Amino acid sequence: MPGEISRRAVIVSAAIVPVAALTAAAQAPPPSALSASQLRTLAAFVDRIIPKDELSPSASECDVPVYINRTLGDYLAGEKPAFIEGLEATDALARRTHNGGFADLTPAQQDALLTSMEDGSAEGFVNARAFFNRARRLALEGMFGDPYYGGNKNFAGWDLIKYPGPRLATTADDQKMGVEIKPYHHSAYGSADHGH
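**A short note on the nonpolar core**
- If you look at the biggest cluster of nonpolar residues, it comprises 35 residues, and the most contacted ones within it are Phe45, Ile68, Phe83 and Met117.
- Among the elements that take part in this core, helix α6 (residues 128-144) stands out by supplying seven residues, more than any other.
- Residues in contact with Met117, not counting those within four places in the same chain, are Phe45, Thr90, Ala122, Phe125, Ala128, Arg129, Phe131 and Phe132.

**Here we look at the packing of aromatic side chains**
- Enumeration according to the criterion identifies nine aromatic pairs in this entry.
- Seen from their ring centres, Tyr148 and Tyr149 are 5.2 Å apart, and the 90° between their planes marks the pair as edge-to-face.
- Since its relative accessible area comes to 38%, Tyr148 is described here as partly exposed.
- Taking the centre distance of 5.5 Å and the plane angle of 45° together, the rings of Phe155 and Trp158 count as tilted.

**Comments concerning helix α5 (residues 107-118)**
- Over its twelve residues, α5 runs 16 Å from end to end, which matches the ideal 16 Å to within 8%, given 1.5 Å per residue.
- Those residues of α5 lying buried are Gln110, Leu113, Leu114, Ser116 and Met117. Down the axis of α5, the smallest arc covering the buried residues is 155°, so these residues share one side.
- Against α2 (36-49), α4 (80-98) and α6 lie the buried residues of α5.
- Gly120, located one to two residues past α5, shows a positive phi value of around 85°.

**Regarding unusual backbone geometry**
- Here the phi dihedral of Asp63 falls at roughly 65°; this positive angle occurs in a residue that is not glycine.
- Tracing the sequence through the fold places Asp63 in the loop between α2 and α3 (64-72).
- Residue Asn152 is not a glycine yet carries a positive backbone phi of 50°.
- Topologically, Asn152 is positioned in the loop between α6 and α7 (156-160).

Reading the values: the criteria
Residues numbered from 1 in each chain as written. Predicted model: local features only at pLDDT ≥ 70, side-chain atom pairs only at ≥ 80, totals over all residues. Heavy atoms only, no water. Core = buried A, V, L, I, M, F, W, Y, C linked by side-chain atoms within 4.5 Å. Buried < 20%, exposed > 50% of the residue type's maximum accessible area, 1.4 Å probe, protein only. Helix = DSSP H or I, 4+ residues; strand = E, 2+ residues; numbered from the N terminus. Contact = heavy atoms within 4.5 Å. Phe/Tyr/Trp six-rings, centres within 6.5 Å; stacked < 30°, edge-to-face > 60°. Expected span 1.5 Å × (residues − 1). Arc of directions from axis to C-beta.

Listed below in structure tokens is the structure:
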């Protein structure tokens, strides 16, 4: 009959709309968890953990702050308040001891503050050592994890540790000892750009 909607049309439209909505939601980046000043402090912090040298770019050049910001805005949202408190305490410590924000200090001054946080002697923190260790752990995840999650820009972390990338199969030659395996610069989640 004209004007009737078939059962098939209802099933197809019901199945397609949610999938399209989920796909769009999955492609949207999580909201920013950190303010611009907090991201600046974080970038300086992680750049002292993983500084630029002749072998690789710095943590911030590899989008480690992007990774940490995304995780705090998504699956680590429960850690966001404590992490922000730690960043703010880091900046406050720098202002108390050196009259400037952490990002504005010299590398030697930053290293001295981070050392005091690592050994637990820094004042103004609920637990300086715990914050330092958590920030360092997230920096390492962002530097060496799959680029799909926002860090390891241009696969620099994988290149640094000579990780060739995820592979479905390898040749007999690739399995020989002493053979340098060619990098396979693709995420385990596909070869899409993932914002890089």
